[in-house]
Amino acid sequence: AAKGGGRGQYRFYSSEMKEGAKRRRQIEEDLRGVLDTAQLAMHYQPIVSADTRQVECFEALMRWNHPERGWISPAEFIPVAEDIDMIKPLGEWALLQVCRDACAWPEDVGVAVNISALQFECDDFPSKVEEVLIETGLEPSRLELEITESVFLGGSERTQRKFEDIKKLGVRLALDDFGTGYSSLSYLRTAPFDKIKIDQSFVRGCTEPGNNNPAIMSAIVNLAQALEMQTVAEGVESKDELELVIARGASHIQGYIFSAPLSQKDMLERSANGPLTFEARGPARYRAD
Ligand code: C2E
Ligand code: MG
Ligand code: MG
Ligand code: MG
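Residues numbered from 1 in each chain as written. Chains lettered and ligands numbered in written order. Predicted model: local features only at pLDDT ≥ 70, side-chain atom pairs only at ≥ 80, totals over all residues. Heavy atoms only, no water.

### A word on the layout of surface pockets
At step 1: Reported here for the largest pocket is a volume of approximately 1100 Å³.
At step 2: In this structure, the largest pocket is lined by 47 residues; those nearest its centre are Glu59, Leu61, Asn114, Asp176 and Asp177.
At step 3: The element contributing the most residues to the lining of the largest pocket is strand 2 (residues 55-66), with 6 residues.
At step 4: Considering only residue class, the lining of the largest pocket consists of 21 nonpolar, 14 polar and 12 charged. (1 Å grid on protein atoms, 1.4 Å probe; cavity = no way out; pocket = protein on both sides within 12 Å on 5 of 7 lines; lining within 4 Å. Points joined across faces, edges and corners; volume = space filled by probe spheres on them. Helix = DSSP H or I, 4+ residues; strand = E, 2+ residues; numbered from the N terminus. Nonpolar A, V, L, I, M, F, W, Y, C, P; charged D, E, K, R; others polar.)

### Things to note about the coordination of the magnesium ion (ligand 3)
At step 1: Taken together, the protein donors to the magnesium ion (ligand 3) comprise Asp176 (OD), Asp177 (OD), Glu234 (OE) and Glu234 (OE), at separations of 2.1 to 2.6 Å.
At step 2: Between the magnesium ion (ligand 3) and the magnesium ion (ligand 2) the interatomic distance comes to 3.9 Å, and aspartate 176 is a ligand of both metals. In this pair, aspartate 176 is assigned in strand 6 (residues 172-178) and glutamate 234 in the loop between strand 8 (230-233) and helix 9 (239-247), connecting sequence segments 58 residues apart. (Donors = N, O, S within 2.8 Å, 3.2 Å for Na, K, Ca; no water.)

### Considerations on the coordination of the magnesium ion (ligand 2)
At step 1: Surrounding the magnesium ion (ligand 2) are the protein donor atoms Glu59 (OE), Asn114 (OD1), Glu146 (OE) and Asp176 (OD), at 2.0 to 2.2 Å.
At step 2: One chain supplies every donor for the magnesium ion (ligand 2), spaced along it as E-x54-N-x31-E-x29-D.

### A few points about empty space enclosed by the protein
At step 1: If you walk through the whole model with that rule in mind, you get 1 cavity of 30 Å³ or more.
At step 2: As a volume, the largest cavity reaches approximately 60 Å³.
At step 3: Lining the largest cavity we find Phe120, Glu121, Val151, Gly154, Gly155, Arg158, Thr159 and Lys162.
At step 4: Element by element, the count of residues in the lining of the largest cavity is highest for helix 6 (residues 156-168), at 3 residues.
At step 5: Its residues placed into classes, the lining of the largest cavity shows 2 nonpolar, 3 polar and 3 charged.

### Considering the nonpolar core
Soluble globular proteins: nonpolar side chains tend toward being buried together.
At step 1: Among the nonpolar cores identified, the biggest contains 78 residues, and Leu31, Leu143, Leu145 and Phe193 are the most heavily contacted of them.
At step 2: Ranked by residue count, the leading element in this core is helix 3 (residues 87-103), at 8 residues. (Core = buried A, V, L, I, M, F, W, Y, C linked by side-chain atoms within 4.5 Å. Buried < 20%, exposed > 50% of the residue type's maximum accessible area, 1.4 Å probe, protein only.)

### Comments concerning the pattern of salt bridges
At step 1: In this structure the tally under the stated criterion is 16 salt bridges.
At step 2: Ionic pairing is found between arginine 158 and aspartate 123, a salt bridge with its closest N-O pair at 3.2 Å. Separated by 35 residues along the polypeptide, arginine 158 in helix 6 and aspartate 123 in the loop between helix 4 (117-120) and helix 5 (125-136) bring together distant segments of the chain.
At step 3: The partly exposed category is assigned to arginine 158, whose relative accessible area is 40%.
At step 4: A relative accessible area of 65% means that aspartate 123 is categorised as exposed.
At step 5: Taking the shortest distance from any N to any O, the salt bridge between lysine 197 and glutamate 146 comes out at 2.7 Å. (Salt bridge = Lys/Arg side-chain N within 4 Å of Asp/Glu carboxyl O.)

As structure tokens, then:
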């Protein structure tokens, strides 16, 4: 095996690359028709208040059950959808689905939807949101839109107007994956966010000695508090992480410590048994979601 190993290795990598390109092409092709199938679903992960330990809202996360490849992560297929101009139909489908689903939940529970920057940039985005609210009858204050710093690359004046149009509808705005983007802090001066989501990369490993994550978390929390915005610590998995992010002042917690994302069916079963509560339970395993 040692002899000619170099060539063997080259062939190995090149066939792996070929396999990757093939997978990408198939995902592209299948994404174009995916809305005509029943392969997409929205799942929901609880976001818990640090003060009350009640679930205030759920984040909607898209799931794709591919007939041949099984579950494909949105981290893989959302960027592809953005590349092939499928993100707008996919995003509009998700928004409608989520608002319909949330209408069947307890009335004091909100829902947060991820919005791609490309979808947000469309001129008709605020009116699409309004249409969906009217069509489903969901109380606007129960809807939160999660956007990332990349929306600020679209030019500040237009983006600012977009924010104002959306806030006028009465929906909430959250800044997702905070701290990982490439924008400056200047947009926080005027953008009307209700919530900042501290990216999981600051939570992961935060309890290990000698890392800067807790200090960064405190700084983000202080900034958010000064701007009267809430903070969600994302990706909290262990009791130690939970204690630390609460000590650092995060107002809300999301992560496997409380629950992985649930299907609508599981959600309804849980909410039928009285108030929705989730206990912190040690390091949880990644569910089939
Ligand atoms: P995100 O918006 O930052 O969502 C949080 C991600 O962290 C989700 O991954 C969630 O399942 C995962 N997560 C939650 N708690 C934990 C934890 O304790 N540990 C770990 N390791 N992970 C945790 P998911 O569902 O794979 O989604 C990945 C990304 O795909 C999302 O990141 C979001 O950017 C995008 N995405 C998902 N659904 C949609 C959608 O409907 N529309 C758009 N435009 N993007 C979406
Ligand atoms: Mg999100
Ligand atoms: Mg996030
Ligand atoms: Mg993320």
